[in-house]
Amino acid sequence: MKETLIRNAHTILTVDDSGREETQCDIRLNGGVIAEIGRHLQSDGVIIDASDCVVTPGLVNTHHHLYQTLTRAVPGGQDALLFGWLKTLYPIWEGFGPQEMFTSAQIGLAELMLSGCSMSSDHLYLYPNGSRLEDTIFAAQELGIRFHPTRGAMSIGESAGGLPPDSLVENEAAILNDCIRVIDGFHDPSEGAMVRVGVAPCSPFSVSRELMRDAALLARDKGVMMHTHLAENDEDIAYSLAQFGCRPGQYAEELGWTGDDVWHAHCVKLDGQEIDLFAKTGTGVAHCPCSNCRLGSGIAPVRAMRDAGVTVGLGVDGSASNDAGNLVLEARQSMLLQRVSRGADAMSAREALRIATRGGAAVLGRSDCGQIAVGKRADIALWDVTGVESAGSWDPAALLLAGPTQVKHLLVEGRQVVRDGHVTGIDLEKAIVKQNQLAQALVEQL
Ligand SMILES: [Zn+2]
């Protein structure tokens, strides 16, 4: 692969161990990794002029349901709480198939990439009408984003006392077999991997205790990561106490769902003991501030988690509960929300950026990503700070206080996947037309 030289950056926020920041500095990329950082570097490869740009590591999204970009702002779900919201959307999702999964993944990933995201996980937990996990993997490969899809699942339908309709749940043996199929087919454990697969039962209220336990055993046997929703709101805690006789943290621990190969989405309602458990075991958290606001779930105790040593990353969550998928705005929201609960000094713009980059990479088990340092993967976002959003800023590198909400350029594995504000891998306008046609068809089916 040709070299790339990012030349003369206004500022580089390396987010390395020392938090080093450089001005008028270059970065040379070679073979998908960062080869050199310094001034007046030479290269005969592609040159990107970064004199107008603040340069950061690519942001990392640790929780999403990409398929939901086809059900944004559904009127019946706009003002509902979590469980009521789910019941509004389940009948619509029953009409999905492979085309819906593919196109909505294209749209959701493109939106993320334009907001600076170079690596995203996804949690796909329903497979109607022949949908498969690879419908989303193929979309990610076209766009060139680093992708951690998880094979989600629901197995307890309405007739068995669960929340989802029976038509959206699967047999537990079939779920585990399909987990094996997609891990064997797509998971790449090597450094610099573009696709890593995880195992992800939807939530404790949509699968059995046995499936939670067996999924953990399978994931550890295969050496892949595990993901689910946990302690999202008060209803969730009440359900856990009523059904399992314990809080979510204890439930997770008993079934093998703690450890540095596990990350849980939301965790809004973790108590002090559960925070200590997560810190001690290296269990990660996908903090989704906009979704938590949107559904009125509460403010996750991120300050307390970080102080206790919990690994925290950010997630935009599914577009049906956000309804946007802009990761840099998500980072800003995480900063603002901690300030609402703990005061103006509770989280700085730079700490929130660190959570959005290093934090997310750590949550996904990617020590090779998330910072600008020699030898790390070349996942880099360039933010033009000459626009109206930065005008008058005394500190353009404080991007989350005042700065652009879309990238100028984005590189993943050294390849330019966003150039001058446009994704390079697909015809995005065509994908948007297709997405709107599919949404319209779903409306007509109802
Ligand atoms: Zn979610």
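Model, not experiment: these values are computed from the prediction. (Residues numbered from 1 in each chain as written. Predicted model: local features only at pLDDT ≥ 70, side-chain atom pairs only at ≥ 80, totals over all residues. Heavy atoms only, no water.)

**Student:** Just to check I follow, could you spell out the packing of helix α4 (residues 172-186) against helix α5 (residues 209-222) for this structure?
**Tutor:** A pair of packed helices is captured by two measures, namely the crossing angle of their axes and the spacing between those axes. Packing of α4 against α5 leaves a shortest axis separation of 11 Å and a crossing angle of 20°. Here α4 is positioned roughly parallel relative to α5, judged by the angle of their axes. Crossing of α4 against α5: the hand is right-handed. In contact with Glu172, Ile175, Leu176, Cys179, Ile180, Ile183 and Asp184 of α4, α5 contributes Glu210, Leu211, Asp214, Ala215, Leu218 and Lys222. (Axes fitted to C-alpha atoms, helices over the stretch in contact; angles between N-to-C directions. Helix = DSSP H or I, 4+ residues; strand = E, 2+ residues; numbered from the N terminus. Parallel < 35°, antiparallel > 145°, perpendicular 65-115°, else oblique. Left-handed = near helix turned anticlockwise from the far one by under 90°. Contact = heavy atoms within 4.5 Å.)

**Student:** Could you clarify how one ought to interpret α5 in this entry?
**Tutor:** In an α-helix, one turn spans 3.6 residues; hence positions three or four apart end up facing the same way. Compared with the 20 Å implied by 1.5 Å per residue over 14 residues, the 20 Å span of α5 between its first and last C-alpha is a close match. All of the buried residues along α5 are Leu211, Met212, Ala215, Ala216, Leu218 and Ala219. Buried residues of α5, seen end-on, are gathered within an arc of 165° and therefore sit on one face of the element. Set apart from the buried face of α5 by more than 90 degrees, the exposed residues are Leu217 and Asp221. Those residues of α5 that are buried are in contact with β8 (146-153), α4, β9 (198-201), β10 (225-230) and α7 (248-254). With its phi angle positive at about 70°, Gly223 sits one or two positions after the end of α5. (Expected span 1.5 Å × (residues − 1). Buried < 20%, exposed > 50% of the residue type's maximum accessible area, 1.4 Å probe, protein only. Arc of directions from axis to C-beta.)

**Student:** Teacher, can you tell me more about the coordination of the zinc ion here?
**Tutor:** A four-donor tetrahedral metal ideally has 109.5 degree angles, and a six-donor octahedral metal ideally has angles of 90 or 180 degrees. Protein coordination of the zinc ion is provided by His63 (NE2), His65 (NE2), His229 (NE2) and Asp317 (OD), with donor distances spanning 2.1 to 2.4 Å. Geometry at the zinc ion is irregular, judged from its four donor atoms and the angles of 89 to 176° they form at the metal. Read in sequence order, the donor residues coordinating the zinc ion give the pattern H-x1-H-x163-H-x87-D. With His65 in the loop between β6 (59-61) and α1 (82-93) and His229 in strand β10, this pair connects stretches of sequence that are 164 residues apart. Each member of the pair, His65 as well as His229, carries the same accessibility label: buried. (Donors = N, O, S within 2.8 Å, 3.2 Å for Na, K, Ca; no water. Tetrahedral: all angles 85-135°; square planar, octahedral: opposite > 155°, others 65-115°.)

**Student:** Where do I start with the pairing of strand β14 (residues 380-384) in this structure?
**Tutor:** Where a strand is regular, its side chains alternate between the two sheet faces. For β14, the buried fraction is high: four of the five residues fall into the buried class. With five bridges joining them, strand β5 (residues 53-57) and β14 adopt antiparallel strand pairing. Bridged to Val54 within β14 is Trp383. One ladder, built from three bridges, connects β14 with strand β15 (residues 409-412); its direction is antiparallel. Residue pairing across strands places Ile380 opposite Leu411, the latter belonging to β15. (Pairing = 2+ DSSP bridges.)

**Student:** For this particular structure, what's the right way to read the pattern of salt bridges?
**Tutor:** Two side chains of opposite charge can pair, provided their charged atoms sit close to one another. In this structure the tally under the stated criterion is 29 salt bridges. One salt bridge connects Asp379 with Arg146, and the closest N-O pair in it is separated by 2.8 Å. Note that Asp379 is positioned in the loop between α12 (349-363) and β14 and Arg146 in strand β8, a separation of 233 residues in sequence. A salt bridge links Asp214 to Arg213; the nearest nitrogen and oxygen atoms lie 3.3 Å apart. Within this structure, Arg132, Glu134, Arg151, Glu170, Asp178 and Arg181 form a network of salt bridges that share partners. (Salt bridge = Lys/Arg side-chain N within 4 Å of Asp/Glu carboxyl O.)

**Student:** What exactly am I supposed to notice about the layout of surface pockets here?
**Tutor:** If a probe as big as a water molecule is rolled over the atoms, it shows which places are left empty. Roughly 330 Å³ of volume is contained in the largest pocket. In this structure, the largest pocket is lined by 19 residues; those nearest its centre are Thr69, Leu70, Thr71, Arg72 and Ala439. Only α2 (98-114) and α13 (428-445) provide two or more residues apiece to the lining of the largest pocket. Counted by class, the lining of the largest pocket contains 13 nonpolar, four polar and two charged residues. In this model, the second largest pocket occupies a volume close to 150 Å³. Lining the second largest pocket are Leu13, Thr14, Val15, Gly19, Arg20, Glu21, Arg306, Arg350, Glu351, Leu353 and Arg354. For the lining of the second largest pocket, the element with the highest residue contribution is α12, accounting for four residues. The residue inventory of the lining of the second largest pocket, partitioned by class, reads three nonpolar, two polar and six charged. (1 Å grid on protein atoms, 1.4 Å probe; cavity = no way out; pocket = protein on both sides within 12 Å on 5 of 7 lines; lining within 4 Å. Points joined across faces, edges and corners; volume = space filled by probe spheres on them. Nonpolar A, V, L, I, M, F, W, Y, C, P; charged D, E, K, R; others polar.)

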